[in-house]
Structure formats: structure tokens, C-alpha cells
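# Coordinate analysis (summary)
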Amino acid sequence: MGGLAAWMFILEIVTGVLLMLHYVPSASGAYPSVQTITHVVPYGFFIRNLHYWCGQIMVGLVVLHMVRVFVTGSCAAPRNMNWLIGLGLLVATFIVDFTGYLLVWDDRGLWAWTIARNLAETVPMIGPFFANLFFGPSEVGDLALVRVYAWHVIILPGLLVALMAWHFWRIRKDGISSPL
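Residues numbered from 1 in each chain as written. Predicted model: local features only at pLDDT ≥ 70, side-chain atom pairs only at ≥ 80, totals over all residues. Heavy atoms only, no water.

### Brief notes about the layout of surface pockets
Of the volumes computed, that of the largest pocket is approximately 970 Å³. Forming the walls of the largest pocket are 35 residues, and the residues nearest its centre are L19, H51, G100, L103 and H152. Those elements that place two or more of their residues in the lining of the largest pocket are α1 (2-20), α2 (30-39), α3 (44-71), α4 (80-102) and α7 (142-174). A total of 8 residues in the lining of the largest pocket trace back to one element, the largest contributor, which is α3. Residue composition of the lining of the largest pocket, grouped by class: 21 nonpolar, 9 polar and 5 charged. (1 Å grid on protein atoms, 1.4 Å probe; cavity = no way out; pocket = protein on both sides within 12 Å on 5 of 7 lines; lining within 4 Å. Points joined across faces, edges and corners; volume = space filled by probe spheres on them. Helix = DSSP H or I, 4+ residues; strand = E, 2+ residues; numbered from the N terminus. Nonpolar A, V, L, I, M, F, W, Y, C, P; charged D, E, K, R; others polar.)

Now the structure itself:
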């Protein structure tokens, strides 16, 4: 399942690059550009749906992979470090999926952004810093959307690539777990 999740990630990159050619990361242009991709761009609806469904399948595969690794005891020594790397991959996968949800910048995305930002601000001591770093300024606008866009298309995919490379290297180093 981990290999299938990696293939979904590759498809996400390919379709995401194609979507970036038409997406406008501004508060006034995001939703209309998504509508243009869906209804005007040749095969845009297919690319957008492929991107969406590969993301959802990737989340499911990563969760199932983690469950399988836990149930079979493959997270025990000497593979416990790789288990922690896998947990990082799981969290990064959830966050990249959430940021993609926000990029449509419709009413649901705006409310999700508002709720997530407000929740992040409630974390003691580091909350306001984290909220500004991840979600941008507290006002809904171009800066907030560009911040989420940067996380979705640059920072999180880069983190995922680095963690996957480390994860695969650890699999080669520690050995593949045997099934039950």
C-alpha cells in the first residue's frame, strides 16, 4: 500500500503541475479559475478530478498502510525510526490534502480556513506564531491564499519528497517487514 500511495503522489504532482498552468492564486481569481479549469479548459474537469481523487486515495492508502504496519508489528525495532518517519508522512499527507481543499477559495474553503486559523491561534504560546506562519494574516485576502498555496505546491510536497526518500532508504537499510 505504501508503493501505491507513492504512485498516487506522483500522479498528484503531474496533475498538480497541469492545474497550476490555469489556477490563479488570488482571493478574487481562485474560484473563477477553478470554474474555468472545470468547465472551459479542454479536459480540465478530468485533470481536476484525477487530482482530487488521487489525493483522496492517497490519504486512504497511507492510513491503511499505517494500520497494516501497526497490526503486523512492523513498527518494532529495528524499524521504529521508520515508523516515526511514516507518522510524519501521514501528518504531511493530511495537511497537504487540507490545503488543497482550501485552494478552491469558495465559502466552504473560507470557513475551513477561518476555523483552522482560529484553532491554531488558541495553542498556548506558539499559536499566534504558527497561525501566521501557516495561514497568513488574519484577514481573508490574497496574502492568506498565497500562503496556503505556497504550502500546498512548494513546502509540503518538498517535505513529502524528502520524507519519502528517507523512508525508502530506511526500508532498504532496515529490511522489508514480513507479513503475518
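Moving on, there is more to tell.
### Some details on empty space enclosed by the protein
It is a probe the size of a water molecule, rolled over the atoms, that shows where empty space is left. This model, assessed by the stated rule, comprises 1 cavity of 30 Å³ or more. For the largest cavity, the calculated volume is near 160 Å³. Together, 16 residues line the largest cavity, and G2, A5, V62, L89 and M164 are the ones closest to its centre. Within the residue set of the lining of the largest cavity, elements represented by two or more residues are α1, α3, α4 and α7.

### Some remarks on the packing of α4 against α7
A packed helix pair is summarised by two numbers, namely the angle formed by the two axes and the spacing between the axes. As a packed pair, α4 and α7 sit with axes 9 Å apart at the nearest point and diverge in direction by 160 degrees. The orientation of α4 relative to α7 falls into the category roughly antiparallel. In the packing of α4 onto α7, the handedness of the crossing is left-handed. Class assignment for the residues of the contact of α4 with α7 results in 16 nonpolar, 8 polar and 1 charged. (Axes fitted to C-alpha atoms, helices over the stretch in contact; angles between N-to-C directions. Parallel < 35°, antiparallel > 145°, perpendicular 65-115°, else oblique. Left-handed = near helix turned anticlockwise from the far one by under 90°.)

### Brief notes about the packing of aromatic side chains
Tallying each qualifying case throughout the model produces 7 aromatic pairs. A ring pair is formed by F70 and W83, whose centres lie 6.2 Å apart and whose planes are at 35 degrees; its orientation type is tilted. Within this pair, whereas F70 is found in helix α3, its partner W83 is found in helix α4, the two being separated by 13 residues in sequence. Take F70: its relative accessible area is 56%, and that puts it in the exposed class. (Phe/Tyr/Trp six-rings, centres within 6.5 Å; stacked < 30°, edge-to-face > 60°. Buried < 20%, exposed > 50% of the residue type's maximum accessible area, 1.4 Å probe, protein only.)

### Quick notes on α1
Working note: α-helix, 3.6 residues per turn, so residues spaced by three or four point in the same direction. When the terminal C-alpha atoms of α1 are compared, their 26 Å separation across 19 residues agrees well with the 27 Å that a helix rising 1.5 Å per residue should span. Within α1 the residues assigned to the buried category are A5, A6, M8, F9, E12, T15, G16 and L19. On its buried face, α1 sits against α2, α3 and α7. (Expected span 1.5 Å × (residues − 1). Contact = heavy atoms within 4.5 Å.)

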